[in-house]
Amino acid sequence: MKRHYWIIVVYIFLITVGVPWYWPDNINYMVIGLPLWVLIAIIISICASFFTAFILLRYKWDIEKDVNE
Amino acid sequence: MNNFQAFDQTAFIFISIYLSALIIIGFFGYRARQENTLKDFYLAGNGFGLAVIFLTFYATQYSGNTLFGYSGMTYRIGYSWIMCVHFMTAIIACYLIFAPKLYKRARRYNYITPTDYLQHRFGSNSINIVVTVIMIFVLSNYLLAQLMAMGRAMQGLSSADPNTAYQQGVILLTLIMLIYGTLGGIRAVAWTDVIQGSILIIGLIVLLFMLFKQFGPISLATTVIQQTQDFSKINVPDANRIREWISYILIVGFGSTLYPQAIQRIYAARSEKILRQGLAFMAFAPLFTALIAVIVGIYAIAYVPGLEGTASDQALTRILSIVQKNSSLGYWLTVVLYAAVLAAMMSTADSALLSISSMLSKDIYSRFVNVNASEARLTLLGKLFSWCLIIILVWLAIYLNDKSSLLKLLDRKFDLLIQLVPAFMLSIHWRGSQALPTLIGLIVGIFISLCLAYGSFNFVHEGKIYGFHPGLVGLMFNLLITILGSIFINSHK
């Protein structure tokens, strides 16, 4: 697998949105009975799972090239 | 635990059949061996196919800690523990950093233990011995946590006195695990992982269904928690918890990939394609495992209030006891779940034990005591070492009963494991990485981590520095020493 730096950027983006650092302390929106920040954390986690699976299935690991390096 | 309705004889027969099946699989593993070599015993010769690789990764990674510890932690801190779904996903992302290159080298150079890579990369006995000792220590700690979880599970299963049930649980389940592990090696461990992983997945999905049926939607549980005015378990986490969240993503993400048994599973895949596909499946595992453990914890906050301290690790058992009493369907589903919980613990413990056994025989005995030992002798010695070690750990598990929360054991091992990042992940990508600075960095990193974790400092609260694990601070110094030292050595060559 070649070095794809955009993959790291996507993961940093997912962490930035998934970790609820940007919410004010005293506000707690509820959506479908769950705190909104929890819902977003779960959605981001689902996105991270699909993204990781995509990377693993899309890019082959170039075995011979790496070992010969 | 006192509220739990003990299982009847039919349920015991069901669980006994399940446990007996594990021993039978061990026997089949013994029959399936192709040769009496380390590679055959610890890596199953040519390796495993997709289903086995996925389920053995899954059953090994999700343990008693996941089910009891995570639901208990949710009980203590509330929705904030949703962070566990993030850090369990981070593990698979971190595999992308080094698994491709490590797998290639393992296939080409026939690695068996994790330090075979280090021997090949650095040719340094000092690094090997330090890394092996760290890994054995960490795995023993991990194994101990699983044994204790087995005992706690048995407390819920039996109507006997809790202490007696705990001791019987630890001894009986460990014995079964030892028998099939000794007979069939990695084949028995991986094949039992297939059963254990399948039961665990089915059991957890069934549990989710049972929770909704018994208590209604999770929104209702959230409302109940709100009515108790305990907003800390629902509100947005404070700044310290946010830092802790990021810290967990880093320390568990990187640390878990460096478990010796996880590295050996990378070696044991039959092909690169199978390994990639197995890990791709694993990327979804947090959603149907860690997330369900969090949901259990939320229901427990709402409907089983009043659990304090180590008792909060019983959140799952308490919830199961309510579901069990509700209907005969609930009762039987609980029996299956109990088998799943036992499966989770045993599958994690057996992998850790097998890994320790391989390191003791190959990395220590074969490298430092008897370099001419035959493979058959090393395999036999590995089995003997695992029996000796397990006797000590069983004694410790019984001695430590109720003295330590499950998650405290979990925290410290990652502080140590993450110090292996430069030795494995940096060195595999950077040819300039040198043995001496890597070794010094590793030792300094461990020293700093342990000092911060166990010393008394004003800025350390609950074993963390402003929410960050001490291991991350240690890793910064570790990386700095490794990189600067390697640059220095390379520039003077």
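These numbers come from a predicted model, not from an experiment.

1. Focus: the packing of helix 5 (residues 83-109) of chain B against helix 19 (residues 421-429) of chain B
Residues and elements named next belong to chain B.
Here is step 1: Running from amino to carboxyl end, helix 5 crosses helix 19 at an angle of 70°, the nearest separation of the two axes being 9 Å. In terms of their interaxial angle, helix 5 and helix 19 are classed as roughly perpendicular. Residues I97, F98, K101 and L102 of helix 5 form the contact with helix 19, whose own contacting residues are F424, M425 and I428.

2. Considering the confidence of the model for chain A
Here is step 1: Within chain A, residue pLDDT values average 86, and 86% of them lie at 70 or more.
Here is step 2: Within chain A, the lowest mean pLDDT, 56, falls on helix 3 (residues 63-68) of chain A, and the highest, 96, falls on helix 2 (residues 36-58) of chain A.

3. Describing helix 8 (residues 162-215) of chain B
Residue and element names in this part refer to chain B.
Here is step 1: Taking 1.5 Å per residue as the helical rise, helix 8 with its 54 residues ought to reach 80 Å, whereas the 28 Å between its terminal C-alpha atoms falls clearly short.
Here is step 2: The largest bend along helix 8 reaches roughly 125° and is located at G184.
Here is step 3: Where helix 8 terminates, the next one or two residues include G216, which has phi positive at roughly 85°.

4. A short note on unusual backbone geometry
All names here are of chain B.
Here is step 1: Not every positive phi belongs to a glycine, and N110 is a case in point at roughly 55°.
Here is step 2: With respect to the secondary-structure elements, N110 resides in the loop between helix 5 and helix 6 (114-122).
Here is step 3: The backbone phi angle of Y466 is positive, close to 50°, even though this residue is not glycine.
Here is step 4: With 12 C-beta atoms counted inside 10 Å, the residue Y466 sits in the exposed group.

Reading the values: the criteria
- Residues numbered from 1 in each chain as written.
- Chains lettered and ligands numbered in written order.
- Predicted model: local features only at pLDDT ≥ 70, side-chain atom pairs only at ≥ 80, totals over all residues.
- Axes fitted to C-alpha atoms, helices over the stretch in contact; angles between N-to-C directions.
- Helix = DSSP H or I, 4+ residues; strand = E, 2+ residues; numbered from the N terminus.
- Parallel < 35°, antiparallel > 145°, perpendicular 65-115°, else oblique.
- Contact = placed C-beta atoms within 7 Å.
- pLDDT = per-residue confidence, 0-100.
- Expected span 1.5 Å × (residues − 1).
- Bend = angle between axes of the 7 residues up to and from the residue.
- Buried ≥ 20, exposed ≤ 12 C-beta atoms within 10 Å, placed from the backbone.

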